[in-house]
Amino acid sequence: MHSQIIDSAYVFGVNYKARINNRNGSFSKAYSMINDLITRLDKQNNLEFLAYSYQTKANIEQNLGKYEASVKTAKRALQMSLDLKDSTNIAYNYNLVGIGYYFLSDYDSTKIY
């Protein structure tokens, strides 16, 4: 059986739902949704979709109090955004990394990001 190609509408829809659940305090549900999507996207190796989804995941991890994981995830999204030369998301992901370091009380690293 061939794996089904995931299109942009599906990716943005799942990210949107995960972000809404995150905003509404359903962090575990949001985390599960985004992890399932990332697992499927890894098979397609679509950098743009993965970068956006990792960005969503980093936001959710911050709300779950998983600050070290959030920094790692945001750095992964940042590297993908750099590879894509996506200036808007580069800036957003630098901010995500900095916020993660802030929550870890790593203020020296926060200054870098």
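Residues numbered from 1 in each chain as written. Predicted model: local features only at pLDDT ≥ 70, side-chain atom pairs only at ≥ 80, totals over all residues. Heavy atoms only, no water.

## Brief notes about the overall build of the chain
Reasoning step 1: Each helix and strand counted, the chain has 6 helices and 0 strands in total.
Reasoning step 2: Secondary structure elements in the chain, listed N-terminal to C-terminal, are α-α-α-α-α-α.
Reasoning step 3: Relative to its length of 113 residues, the chain is compact, with a C-alpha radius of gyration of 14 Å against a globular reference of 13 Å.
Reasoning step 4: Its C-alpha atoms give the chain principal-axis dimensions of about 50 × 30 × 20 Å.
Reasoning step 5: The 113 residues of the chain split such that 37% are buried.
Reasoning step 6: Taking all contacts inside the chain whose residues are at least 6 apart in sequence as the whole, residues at least 24 apart take part in 55%.
Reasoning step 7: Entry remark: accessible area of the chain is about 6,800 Å², with carbon and sulfur atoms responsible for 51%.
Reasoning step 8: With 13 positive and 10 negative side-chain charges, the chain shows a spacing of 5 Å between the two charge centroids. (Helix = DSSP H or I, 4+ residues; strand = E, 2+ residues; numbered from the N terminus. Rg over C-alpha atoms; globule rule 2.2 N^0.38 Å. Buried < 20%, exposed > 50% of the residue type's maximum accessible area, 1.4 Å probe, protein only. Contact = heavy atoms within 4.5 Å. Areas by Shrake-Rupley, 256 points an atom, 1.4 Å probe, with all protein chains shown as cover. Lys, Arg positive; Asp, Glu negative; His and termini not counted. Charge placed at Lys NZ, Arg CZ, Asp CG, Glu CD.)

## Structural notes on the environment of Tyr102
Reasoning step 1: Note that Tyr102 resides in helix H5 (residues 87-103).
Reasoning step 2: Tyr102 sits 35 residues away from Tyr67 along the chain, and the two C-alpha atoms are 9.1 Å apart.

## Thoughts on unusual backbone geometry
Reasoning step 1: At Asn45, a position not held by glycine, the phi torsion is positive, near 60°.
Reasoning step 2: Judged by relative accessible area, which is 59%, Asn45 ranks as exposed.
Reasoning step 3: Residues other than glycine seldom take positive phi values, yet Lys85 does so here, at roughly 55°.
Reasoning step 4: A relative accessible area of 70% means that Lys85 is categorised as exposed.

## Some points on the packing of aromatic side chains
Reasoning step 1: Applying the stated criterion across every chain, the model contains 4 aromatic pairs.
Reasoning step 2: With a centroid separation of 4.9 Å and an interplanar angle of 20°, the aromatic rings of Tyr67 and Phe103 are classed as stacked. Here the residue Tyr67 occupies a position in helix H4 (residues 67-84), and Phe103 occupies one in helix H5, the gap between them amounting to 36 residues.
Reasoning step 3: Judged by relative accessible area, which is 25%, Tyr67 ranks as partly exposed. (Phe/Tyr/Trp six-rings, centres within 6.5 Å; stacked < 30°, edge-to-face > 60°.)

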